[in-house]
Amino acid sequence: NAGVTQTPKFRVLKTGQSMTLLCAQDMNHEYMYWYRQDPGMGLRLIHYSVGEGTTAKGEVPDGYNVSRLKKQNFLLGLESAAPSQTSVYFCASILGTVTQETQYFGPGTRLLVL
Amino acid sequence: QQQVKQSPQSLIVQKGGISIINCAYENTAFDYFPWYQQFPGKGPALLIAIRPDVSEKKEGRFTISFNKSAKQFSLHIMDSQPGDSATYFCAASSYNQGGKLIFGQGTELSVKP
């Protein structure tokens, strides 16, 4: 049981380049989330999904797109990276029932946009 | 707007002392209040959580105190140890709003030996 995994662990991009971050979970969780973490600002929700084929915007969705084609995977895309998107990105998942709200986080992806 | 406000931003405590971190929230629809612990280079991990129908929850050296009328909750770490040195985040969520967590800004705790 690997839990929540994220690929890649670290990436350097030039302004304007695109990339996709992959999150995978093997816990059969229904809900998945993408957060970004910046110093002094905690973690902020980018997008989330409450089931396969569904996505919704979080607090800071601009500049990002997501897809949830398979239940176990949640992809975060940056179409045209900007220096303001330099951050650490975390994926999380929960089972999705009213009594099982613990979010399990992945190890993070560090992204540097030059 | 910041729906969950956390203080202090940093905290230094002597070994064996009590660490106290406070959070305040605005949205009365929140029904789940977890605390997460994060070590450098790692993802956050759930430490302890509480629901608004109880005023206190204790797990080992960690206690959450919850004041529904004041919309505040706090984390107490008793007998703080150097291994507790980490960043702590409070958070809040509502099951009916997709379970998404709203995090506080974080508190960097350093426990001195």
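Residues numbered from 1 in each chain as written. Chains lettered and ligands numbered in written order. Predicted model: local features only at pLDDT ≥ 70, side-chain atom pairs only at ≥ 80, totals over all residues. Heavy atoms only, no water.

Kindly report on the interface of chain B and chain A, identifying the contributing residues and their values.
As a measure of interface size, the accessible area lost when the parts come together is often cited. Between chain B and chain A, the residue contacts involve 23 residues of the former and 24 residues of the latter. Buried area between chain B and chain A, both sides added, is near 1800 Å², and the carbon and sulfur share of it is 55%. Sorting the residues of chain B by area buried against chain A places Y95, K100 and F103 of chain B first, and these three jointly supply 29% of that buried surface. Inspection of the region where chain B meets chain A yields zero salt bridges. On the surface where chain B and chain A come into contact, there are six residue pairs in polar contact (both at pLDDT 80 or more). Those elements that provide at least two residues to the side of chain B that touches chain A are strand 4 (33-38) and strand 10 (102-103) of chain B. Of the residues assigned to the side of chain B that touches chain A, the class counts are nine nonpolar, ten polar and four charged. (Contact = heavy atoms within 4.5 Å. Buried area = accessible area lost by both parts, 1.4 Å probe. Salt bridge = Lys/Arg side-chain N within 4 Å of Asp/Glu carboxyl O. Polar contact = N/O pair within 3.5 Å; in protein donor to acceptor, adjacent residues only side chain to side chain. Helix = DSSP H or I, 4+ residues; strand = E, 2+ residues; numbered from the N terminus. Nonpolar A, V, L, I, M, F, W, Y, C, P; charged D, E, K, R; others polar.)

Tell me about the nonpolar core, residues and numbers included.
V4, F33, W35, F73, L75 and Y88 of chain B are the most contacted members of the largest nonpolar core, which has 25 residues in total. Only strand 2 (10-14), strand 3 (19-25), strand 4, strand 5 (45-50), strand 7 (62-67), strand 8 (72-77), strand 9 (86-92) and strand 11 (107-112) of chain B provide two or more residues apiece to this core. Once you skip the residues sitting within four places of it in the chain, V4 of chain B turns out to touch C23, A24, Y25, F30, C90, A92, I102, F103, G104 and Q105 of chain B. Judged by nonpolar contacts, the second largest core, of 18 residues, contains L21, M32, A81 and V113 of chain A. (Core = buried A, V, L, I, M, F, W, Y, C linked by side-chain atoms within 4.5 Å. Buried < 20%, exposed > 50% of the residue type's maximum accessible area, 1.4 Å probe, protein only.)

How would you summarise the layout of surface pockets if you had to cite specific residues and measurements?
Taken as a whole, the largest pocket encloses approximately 650 Å³ of empty space. The set of elements that each furnish at least two residues to the lining of the largest pocket consists of strand 9 (87-94) of chain A together with strand 9 and strand 11 of chain B. Take the lining of the largest pocket: its biggest share by element is four residues, from strand 11 of chain B. Of the residues contributing to the lining of the largest pocket, the split by class is ten nonpolar, 15 polar and five charged. (1 Å grid on protein atoms, 1.4 Å probe; cavity = no way out; pocket = protein on both sides within 12 Å on 5 of 7 lines; lining within 4 Å. Points joined across faces, edges and corners; volume = space filled by probe spheres on them.)

How would you explain the sheet that holds strand 7 of chain B if you had to name every residue and give the values?
Residue and element names in this part refer to chain B. Strand order across the open sheet formed by five strands is 1-3-8-7-6, with antiparallel pairing between neighbours. Here the strands that pair on one side only, and so sit at the sheet edges, are strand 1 (4-7) and strand 6 (56-59). For this sheet the average axis-to-axis angle between neighbouring strands, irrespective of direction, equals 15°. Pairing of strand 7 with strand 8, which is carried by six bridges, proceeds in the antiparallel orientation. Across the sheet, the residue bridging to F62 is I77, located in strand 8. (Pairing = 2+ DSSP bridges. Axes fitted to C-alpha atoms, helices over the stretch in contact; angles between N-to-C directions.)

Geometric values such as these leave the question of function open.
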